[in-house]
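Working through the structure, step by step
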Amino acid sequence: MTKKGLLIVISGPSGVGKGSVISRFINDPDLKLSYSVSMTTRSPRAGEKDGVNYYFVTRDQFMQAVKEGKMLEWTEFVGNCYGTPLEGVEKLRNEGRNVLLEIEVNGCKQVKEKCPDALTIFIVPPSTRELEDRIRKRGSEPEEIVQQRLAKAAKELEMTDQYRYVVCNDDIDLAADIIRTIIRHHMEKTF
Ligand code: 5GP
């Protein structure tokens, strides 16, 4: 019988570099990872592709999916909705794939209620100063949104005790290696 795959949650404030860290190990064949593509009402940033980075939908489409019970979790973040489509997550896990959700703290809370055995990892920046620089360097959002993201980041950084592991992204390769080790360790454990 195929061993059920892990449900892995990775969170961290905007600008912490979650995407860069994850891209270092997501295609590592030993980790058998499948990235869960979220649904969002936010507009695509330059280079983002529908169905790859997110499913970009209208607020009506999003709320319809929520109403129909199609979301594992969802939240509102800085004026937009984000959520994990349920379809696929269970199927992939039953096929032995380890499903990775890159979501924020409210979503993680909902996931833990539904799947208490989820493997939860929070990525922290080396300093809040560095985080601010990284958010600003992205340069794609107005000052008001930048401020909201920074305020949200400060709140999220107070909630790291909800996570099983906290990893500092001081060096992308090192942070990726640490997370790789954590995932491997949990894959070897028998539940
Ligand atoms: P961004 O707009 O920077 O892509 O994402 C904003 C925040 O929403 C990030 O912290 C990201 O991890 C989170 N996020 C992305 N997808 C989801 C999701 O499906 N559910 C939840 N709860 N948060 C998400």
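What comes next concerns the included structure. (Residues numbered from 1 in each chain as written. Predicted model: local features only at pLDDT ≥ 70, side-chain atom pairs only at ≥ 80, totals over all residues. Heavy atoms only, no water.)

In this model, helix α7 (residues 172-188) (17 residues) spans 24 Å end to end at C-alpha, consistent with the 24 Å of a helix rising 1.5 Å per residue. The set of residues buried in α7 consists of A175, A176, I179, R180, I182, I183 and H186. Seen end-on, α7 carries its buried residues on one side only, within an arc spanning 165 degrees. Away from the buried face of α7 by more than 90 degrees, exposed residues L174 and E188 are located. Lining the buried residues of α7 we find β1 (7-11), α1 (18-25), β2 (33-35), β8 (119-124) and β9 (165-168). Residue D171 occupies the N-cap position of α7, its side-chain oxygen lying 3.1 Å from the main-chain nitrogen of D173. (Helix = DSSP H or I, 4+ residues; strand = E, 2+ residues; numbered from the N terminus. Expected span 1.5 Å × (residues − 1). Buried < 20%, exposed > 50% of the residue type's maximum accessible area, 1.4 Å probe, protein only. Arc of directions from axis to C-beta. Contact = heavy atoms within 4.5 Å. Polar contact = N/O pair within 3.5 Å; in protein donor to acceptor, adjacent residues only side chain to side chain.)

Within the structure shown, the criterion is met by 1 cavity of 30 Å³ or more. Reported here for the largest cavity is a volume of approximately 30 Å³. In terms of lining, the largest cavity is formed by I135, R136, R138, G139, S140, E141 and V146. Broken down by element, the lining of the largest cavity gets its largest block of residues, 3 residues, from helix α5 (residues 128-138). Class assignment of the residues belonging to the lining of the largest cavity gives a composition of 2 nonpolar, 2 polar and 3 charged. (1 Å grid on protein atoms, 1.4 Å probe; cavity = no way out; pocket = protein on both sides within 12 Å on 5 of 7 lines; lining within 4 Å. Points joined across faces, edges and corners; volume = space filled by probe spheres on them. Nonpolar A, V, L, I, M, F, W, Y, C, P; charged D, E, K, R; others polar.)

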